[in-house]
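One letter stands for each residue in the lines below.
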Amino acid sequence: RSGITAIAICCAIAALGVSGTMRRVKTSINAVQSSLARIPGTRLGNSKRGDGVLPVRAQQYQETEPLTRVVDDVQRAFEEREERFERSRLRMRDQLNQRTQEVEEASSRAHQLAMVDPLTNLPNRAKLTEELDKALLEATTLRALACVLFIDVDHFKRLNDTLGHEFGDKVLQHVAATLRGNLRDIDIAARLGGDEFVVVMRNLPPDNAKSVVERYLGTVYNALRSPIDLGGRSTLITLSIGATMYPADANETSALLRASDAAMYSAK
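Residues numbered from 1 in each chain as written. Predicted model: local features only at pLDDT ≥ 70, side-chain atom pairs only at ≥ 80, totals over all residues. Heavy atoms only, no water.

## Some remarks on the overall build of the protein
Secondary structure summary: the protein contains seven helices and six strands in total. Its helices and strands in sequence order give the protein the pattern α-α-α-β-α-α-β-β-α-β-β-β-α, from N to C terminus. A buried classification covers 33% of the 268 residues belonging to the protein. Of the roughly 16600 Å² of accessible surface on the protein, 53% is carried by carbon and sulfur atoms. (Helix = DSSP H or I, 4+ residues; strand = E, 2+ residues; numbered from the N terminus. Buried < 20%, exposed > 50% of the residue type's maximum accessible area, 1.4 Å probe, protein only. Areas by Shrake-Rupley, 256 points an atom, 1.4 Å probe, with all protein chains shown as cover.)

The structure is reproduced here in structure tokens:
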């Protein structure tokens, strides 16, 4: 960004310098032309001598006419140079805007990659913390509830050791798709790392928050109740889930995550 800014400043300074020079040259040309116009006899006289010889004023005009043409040629040359410079300035401006846009897009992609788990494409721990903070603030503002579900894949280490890491990755991807696919649009599923996931259900109505959470857990259970076939190998996936509710169980992000983690181990 600093490099692009420096280029832009240099282009602006160059533009001001060239434009100022051209304005000074134009002023000089105009001054010369005005001086020529004030030279006595530079206009043709109305009278003509009987011998056909032009008056002195006509002769003076003929003498200054080449200088006038030179001045006009110089002015045209500088006008053409100014036009070329303006086209070059516009082209450099467009290139600068394009490079700036590319840097901003690259920065946005880098930020997005830093917030996403590459295996499951779910938000990672950093993004989860950010979204959970927003969910708690929203719940406080709207006088609603928020639920945090801490989820662990049962016997995942044994799956990895017996069937291989490639099969273990497919299990994690399947669990991620199941957790995300059954959520409401306003909720979020994230991967903490390993075989641990967190689901944040936000803006829950106080009168039926528990039923909304239980309905979601029921859909996840039904999606995983039968063995799944992953690359010619089938296995049954079960989950251990701990749930906490904001603000009843804790009133800040880290405390909610710890409480839901403890609840998950109790369920396991």
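## Observations concerning the pairing of strand E3 (residues 196-204)
Each regular strand shows side chains that alternate between the opposite faces of the sheet. Across the nine residues that make up E3, a large majority, eight, are buried. In this sheet, E3 lies alongside strand E1 (residues 145-153) in antiparallel orientation, the contact comprising seven bridges. Bridge pairing in E3 places Ile 151 opposite Phe 197. In terms of strand pairing, strand E2 (residues 188-193) meets E3 through five bridges, oriented antiparallel. Each bridged residue has a counterpart across the sheet, and for Gly 193 the counterpart in E3 is Glu 196. (Pairing = 2+ DSSP bridges.)

## Quick word on the packing of helix H3 (residues 125-142) against helix H7 (residues 253-267)
The geometry of H3 relative to H7 is characterised by a closest axis approach of 10 Å and an angle of 105° between their N-to-C directions. When the axis of H3 is compared with that of H7, the two are roughly perpendicular. Here Leu 128, Thr 129, Leu 132, Asp 133 and Leu 136 of H3 come into contact with H7, specifically with Thr 253, Leu 256 and Leu 257. In the contact of H3 with H7, the residues fall into five nonpolar, two polar and one charged. (Axes fitted to C-alpha atoms, helices over the stretch in contact; angles between N-to-C directions. Parallel < 35°, antiparallel > 145°, perpendicular 65-115°, else oblique. Contact = heavy atoms within 4.5 Å. Nonpolar A, V, L, I, M, F, W, Y, C, P; charged D, E, K, R; others polar.)

## Regarding the nonpolar core
Judged by nonpolar contacts, the single largest core of 31 residues is most densely connected at Val 153, Val 171, Leu 179, Phe 197, Met 201, Leu 204 and Leu 239. For this core, the secondary-structure elements that each account for two or more residues are E1, helix H4 (156-163), helix H5 (165-181), E3, helix H6 (209-224), strand E4 (228-230) and strand E6 (239-246). Filtering out sequence-adjacent residues up to four positions away, Val 153 remains in contact with Val 171, Leu 172, Val 175, Asp 195, Phe 197, Ile 237, Thr 238, Leu 239 and Lys 268. Counting 19 residues, the second-largest nonpolar core is a separate cluster that includes Ala 139, Val 198, Ala 250 and Met 264. (Core = buried A, V, L, I, M, F, W, Y, C linked by side-chain atoms within 4.5 Å.)

## Considering the packing of H4 against H5
Across the interface, H4 lies against H5 with an axial gap of 7 Å and an inter-helix angle of 140°. Between H4 and H5, the angle is such that the two are oblique. Taken together, the residues of H5 that come into contact with H4 (itself represented by Phe 156, Leu 159, Asn 160 and Leu 163) are His 165, Phe 167, Gly 168, Val 171 and Leu 172. Classifying every residue of the contact of H4 with H5 by side-chain character gives six nonpolar, three polar and no charged.

## Section: the environment of Val 116
Within the element layout of this structure, Val 116 appears in the loop between helix H2 (56-114) and H3. Given the relative accessible area of 24%, Val 116 is considered partly exposed.

## Notes on a nonpolar patch on the surface
On the surface, Val 70, Val 74 and Phe 78 cluster together to form a nonpolar patch covering roughly 210 Å² of accessible area. By the secondary structure assignment, Phe 78 is in helix H2. (Patch = residues over 30% accessible without salt bridge, like charges linked within 9 Å, V, L, I, M, F, W, Y side chains within 5 Å. Salt bridge = Lys/Arg side-chain N within 4 Å of Asp/Glu carboxyl O.)

## Thoughts on the sheet that holds E1
With antiparallel pairing, the four strands of this open sheet are ordered in space as E2-E3-E1-E6. Each edge of the open sheet is held by one strand with a lone partner, namely E2 and E6. Across the sheet, the mean angle separating the axes of adjacent strands is 20° when strand polarity is ignored. Along the sheet, H6 makes contact with E1, E3 and E6, crossing E3 at roughly 145°.

## Some points on the side chain of Asn 160
Within the secondary structure, Asn 160 is located in helix H4. Sequence-distant contacts of Asn 160, that is, excluding residues within four places in its chain, are made with His 165 and Gly 168.

## Quick word on the pairing of E6
Most of E6 is tucked away, with six of its eight residues classed as buried. For E1 and E6, the ladder comprises eight bridges, and the chain directions are antiparallel. Note that in E6 the partner of Phe 150 across the bridge is Gly 242.

## Structural notes on the confidence of the model for the protein
Averaged over all residues, the pLDDT of the protein equals 81, while 72% of them reach at least 70. Low pLDDT, under 50, characterises residues 41-48; the predicted model gives this stretch 12 contacts beyond four residues in sequence or across chains. (pLDDT = per-residue confidence, 0-100.)

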